[in-house]
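Below are the chains, spelled out letter by letter.
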Amino acid sequence: IYIGAVASGSQAGIGSLTITRSVVSAIQLNGSNYTSGNTLTQNQIGSYTGKSYNSVFSNNIIEYLHAGNGSSTEGGGNNLISNNIIQNTLRTTGDLVTNNIFYHYASSGSITTTGCHSTTFTNNLFYAFTPVTQAAVIYGSNTGTGNLFQQDPLFVTPVLPSVLSGYTYSSPASGPFGNLHISASSPGHNYGTD
């Protein structure tokens, strides 16, 4: 899905879109366009790239979420990123990131947040093959409290399909489908704020 418009050499943002219950390999904002007031919920998204403002990303499985350009000088995005499973990379500026599970436990898998600036992280759970530390997330202008680092979320069946790169998780090997509910013994059970 490409979002944006070009008219007479000038670019304009398109916003107030709702994308729900879809499987999308990529959502990309064209060029330097921006989008505002969007709601993306209950989707499986390979990658989202572009400048988003005042938008909501909730209850999605997202491999790459680049809601800003990763620049510390970019204005605040004021996006709410909550209750998602984020599999690989997050890049935002000025957003609230809360109640998410960052999970990338494929061999050599890692979670990357080096493109985040002025972002607030609260009550998220981070777990990857390459250990995730607080210093890798809360740095520079980023703030946060209540985050859990390197704790297995204990999905019932942690097989996460990847829309973008095609790999699947194999621990445990359980076929192509996963049950991404967390078990009662998960450190994330009743941990997020409502």
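Before reading on, note that the structure itself is shown above.
Each value, and the rule that gives it
- Residues numbered from 1 in each chain as written.
- Predicted model: local features only at pLDDT ≥ 70, side-chain atom pairs only at ≥ 80, totals over all residues.
- Heavy atoms only, no water.
- Helix = DSSP H or I, 4+ residues; strand = E, 2+ residues; numbered from the N terminus.
- Buried < 20%, exposed > 50% of the residue type's maximum accessible area, 1.4 Å probe, protein only.
- Contact = heavy atoms within 4.5 Å.
- Phe/Tyr/Trp six-rings, centres within 6.5 Å; stacked < 30°, edge-to-face > 60°.

Would you explain the environment of Ile101 in this entry?
Relative to the helices and strands, Ile101 is located in strand β15 (residues 101-104). The buried category is assigned to Ile101, whose relative accessible area is 15%. Placed 18 residues apart in sequence, Ile101 and Asn83 show a C-alpha to C-alpha distance of 7.3 Å. Setting aside residues up to four positions removed in sequence, Ile101 forms contacts with Asn84, Ile85, Ile86, Leu125, Pro153, Phe155 and Ile182.

Would you mind showing me how to read the side chain of Asn147 here?
With respect to the secondary-structure elements, Asn147 resides in the loop between β18 (143-145) and β19 (148-149). Here Asn147 falls in the buried class, since its relative accessible area comes to 14%. The contacts of Asn147, once residues within four sequence positions are left out, are Phe121, Thr122, Asn123, Asn124, Phe126, Ile138 and Tyr191.

I tried to follow the packing of aromatic side chains on my own but got confused; where do I start?
By convention here, two paired aromatic rings are described through the distance between centres and the angle between planes. On inspection of all chains with the given rule, the structure shows six aromatic pairs. Judged by centre distance (5.1 Å) and plane angle (85°), the ring pair of Tyr48 and Phe57 falls under edge-to-face. Using a relative accessible area of 1% as the deciding quantity, one classes Phe57 as buried. A centroid spacing of 6.0 Å and a plane angle of 35° characterise the contact between Tyr103 and Tyr127, whose relative ring orientation is tilted. Highlighted residues: Tyr103 in strand β15 and Tyr127 in strand β17 (residues 125-128), separated in sequence by 24 residues. Residue classification places Tyr103 among the buried positions, given a relative accessible area of 4%.

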